[in-house]
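Geometric and topological summary
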Amino acid sequence: MMQNFPSLSYDPVTRRLHWITAAIVILQFAAGESWGWFGPVWKTAARNIHTSVGVAFALLLLVRLYWRWTRRAGMPPVHGRLVPGVHALLYGLLIAEVVDGIGWRLTGTHPLYVFGANISCGACRLDRSWHNALTWLHHYGAWVIIVLACGHAGVALWHHLVGRDDTLGRMLPPLRPR
């Protein structure tokens, strides 16, 4: 039987960072998985958009980690033994995905465009022999993140629908009375 936990919500910044992260992860995954479907023009555009959003996501991830670290005392209590491990695993995988995405782009042969700017840095290029390994890591890392994120969402829904506790409600914006 599930016990009801105190209804302590996350602060608005934490909630926004969480949902923005979730949206970007879904969009980046969809863009990365689909860019070969529509021909070379779309593939180039999608690659450049994916790279630009990836750079913005890296900055968002730094902000999110900083916010989480500095606001730890204000976070709602964690219930269960798996929660901290799953959160740490998701954060670790997101960081690894950003790092191998950057490495993948720096080992590639295509020009590196970030928000329309051609980043030409010959000294920044990495050894091409790493490209296939980084491609594999980036592709399958994205799948692992999506599977874990879906599991994370599924557990939150299970808590809400079956356990009838406030686990999901703590990450949703407060409802305003009409």
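Residues numbered from 1 in each chain as written. Predicted model: local features only at pLDDT ≥ 70, side-chain atom pairs only at ≥ 80, totals over all residues. Heavy atoms only, no water.

Once that is clear, we can look at a nonpolar patch on the surface. Residues Trp136, Leu137, Tyr140, Trp143 and Val147 make up a contiguous nonpolar surface patch of roughly 540 Å² in combined accessible area. Inspection of the secondary structure puts Leu137 in helix α4 (residues 131–163). (Patch = residues over 30% accessible without salt bridge, like charges linked within 9 Å, V, L, I, M, F, W, Y side chains within 5 Å. Areas by Shrake-Rupley, 256 points an atom, 1.4 Å probe, with all protein chains shown as cover. Salt bridge = Lys/Arg side-chain N within 4 Å of Asp/Glu carboxyl O. Helix = DSSP H or I, 4+ residues; strand = E, 2+ residues; numbered from the N terminus.)

Side chains of a nonpolar character, in soluble globular proteins, are inclined to be buried together. Counting residues in each nonpolar core, the largest one holds 14 residues, and the members touching the most others are Val25, Phe57, Leu60, Leu61, Leu94 and Val98. Counting only elements with at least two residues in this core, the list comes to α1 (12–34), α2 (40–70), α3 (82–107) and α4. Once residues lying within four places of it in the same chain are set aside, the contact partners of Val25 are Phe57, Leu94, Ile145 and Ile146. (Core = buried A, V, L, I, M, F, W, Y, C linked by side-chain atoms within 4.5 Å. Buried < 20%, exposed > 50% of the residue type's maximum accessible area, 1.4 Å probe, protein only. Contact = heavy atoms within 4.5 Å.)

A few words on the side chain of Glu97. Mapping Glu97 onto the fold places it in helix α3. Buried and unpaired, Glu97 has Arg105 as its nearest opposite-charge partner, separated by 12 Å. Once residues within four sequence positions are removed from consideration, Glu97 is found in contact with Leu137, His138, Gly141, Ala142 and Ile145. (Lys, Arg positive; Asp, Glu negative; His and termini not counted.)

Attention shifts here to the packing of aromatic side chains. All told, the structure shown has five aromatic pairs when counted by the stated rule. For the ring pair Phe29 and Trp143, a centre distance of 4.8 Å and an interplane angle of 85° mean the geometry is edge-to-face. With Phe29 in helix α1 and Trp143 in helix α4, the pair connects residues that are 114 residues apart, well separated along the chain. On the basis of relative accessible area, Trp143 is assigned to the partly exposed category, the value being 38%. Both rings, one in Trp37 and one in Phe38, keep their centres 6.1 Å apart while their planes meet at 65°; by these two values the pair is edge-to-face. With respect to burial, Trp37 and Phe38 carry one shared label: exposed. One aromatic cluster is present, built from ring pairs that chain together Trp37, Phe38 and Trp42. (Phe/Tyr/Trp six-rings, centres within 6.5 Å; stacked < 30°, edge-to-face > 60°.)

Next up on the list: the confidence of the model for the protein. Here the protein averages 84 in pLDDT, and 89% of its residues register 70 or above. Mean pLDDT values over the elements of the protein span from 83, in strand β2 (residues 117–118), up to 93, in α1. (pLDDT = per-residue confidence, 0-100.)

Phi is positive for Phe115, which is not a glycine, with a value near 50°. With respect to the helices and strands, the residue Phe115 is situated in the loop between β1 (113–114) and β2. The backbone of Arg164 shows a phi angle near 50°, a positive value even though the residue is not glycine. For Arg164, the location among the structural elements is in the segment after α4.

In the contact formed by α1 and α4, the axes pass within 11 Å of each other and the chain directions differ by 135°. Considering their axes alone, α1 and α4 lie oblique with respect to each other. Here the hand of the crossing between α1 and α4 comes out left-handed. Only His139, Ala142, Trp143, Ile145, Ile146 and His152 of α4 make contact with α1, whose side of the interface consists of His18, Val25, Phe29 and Glu33. (Axes fitted to C-alpha atoms, helices over the stretch in contact; angles between N-to-C directions. Parallel < 35°, antiparallel > 145°, perpendicular 65-115°, else oblique. Left-handed = near helix turned anticlockwise from the far one by under 90°.)

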